[in-house]
Amino acid sequence: MSHSVAGEPPSAGRRAAPLTTAVYSAAEWDLLTSLPGRVLVAAAAPGPGRPERGVLANLAGLDAVAAGRASDSDLVRAVVAAIYARHDGTPQPAERLTDLVDLLAACRAAVRVMHRRADPADSAAYRQWVQSVAARVCRSVPGPPGQPASPADRRFLDRLGGALGLG
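Bear in mind the structure is a predicted one, so any value in this text is a computation, not a measurement.

**Things to note about the nonpolar core**
Core analysis: the largest hydrophobic core is formed by 41 residues, its most contacted members being L32, L35, L75, Y126, W129 and F156. Elements that contribute at least two residues to this core include exactly α1 (26-44), α2 (55-67), α3 (74-85), α5 (100-117), α6 (120-138) and α7 (151-163). The element best represented in this core is α1, accounting for nine residues. Residue contacts for Y126: discarding those within four places in its chain leaves L31, L32, L35, P36, L75, V76, V79 and M114.

**Re α7**
Each turn of an α-helix holds 3.6 residues, which means side chains three or four residues apart point in the same direction. For α7, which comprises 13 residues, the first-to-last C-alpha distance of 18 Å matches the rise-based estimate of 18 Å (1.5 Å per residue) to within 8%. Taken as a whole, α7 has its buried residues at A152, D153, F156, L157, L160, G161 and A163. After α7 finishes, the residue G165 shows a positive phi value of roughly 75 degrees.

**Considerations on the pattern of salt bridges**
With the rule as written, the count across this model stands at six salt bridges. As a salt-bridge pair, R77 and D74 come within 2.4 Å of each other at their nearest N and O atoms. Residue R77 and its partner D74 are both found in helix α3; the two are separated by three residues, about one turn of the helix. We classify R77 as buried; its relative accessible area is 14%. One salt-bridge network, held together by shared partners, links E28, R116 and R117.

**Quick notes on the environment of C107**
Relative to the elements of secondary structure, C107 occurs in helix α5. By relative accessible area, C107 is classed as buried at 0%. As for C107 and P36, which are separated by 71 residues in sequence, their C-alpha atoms are 9.7 Å apart.

Parameters and conventions
Residues numbered from 1 in each chain as written. Predicted model: local features only at pLDDT ≥ 70, side-chain atom pairs only at ≥ 80, totals over all residues. Heavy atoms only, no water. Core = buried A, V, L, I, M, F, W, Y, C linked by side-chain atoms within 4.5 Å. Buried < 20%, exposed > 50% of the residue type's maximum accessible area, 1.4 Å probe, protein only. Helix = DSSP H or I, 4+ residues; strand = E, 2+ residues; numbered from the N terminus. Contact = heavy atoms within 4.5 Å. Expected span 1.5 Å × (residues − 1). Salt bridge = Lys/Arg side-chain N within 4 Å of Asp/Glu carboxyl O.

Right, dumping it as structure tokens:
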């Protein structure tokens, strides 16, 4: 897939408005659009062996979510557009957002949905993008350049990557 320059019509073979959402049920689409935010919150949450994170970590996560707007993947761009289009202000329960077991189960469910319904390239791009959200949050605290700040962060990222089918 290719990027088009701002203001130019999409290239042949690339839809102006992806029909991505039509492929998924409402529950599946909700899963795919809520997962990046859930990952951001879980990555930013302190825990045993994980440092307290501040505003910079949340901003890093939001920046990573927003970076999906430039993705070559129709699916990632559609998910980001849906995230930004939400304006109902309905908060999710905090325990749903930060419970690691629930988060990893949601990641595995998203992988199953994409395996059934998504183009393999879109699936891979989405899974890598969601992982990048967590990685940017975990790497936003002071520590060795490019490395998570703690062994607990590395374990979190490894478990998340496994649940997303990335490693």
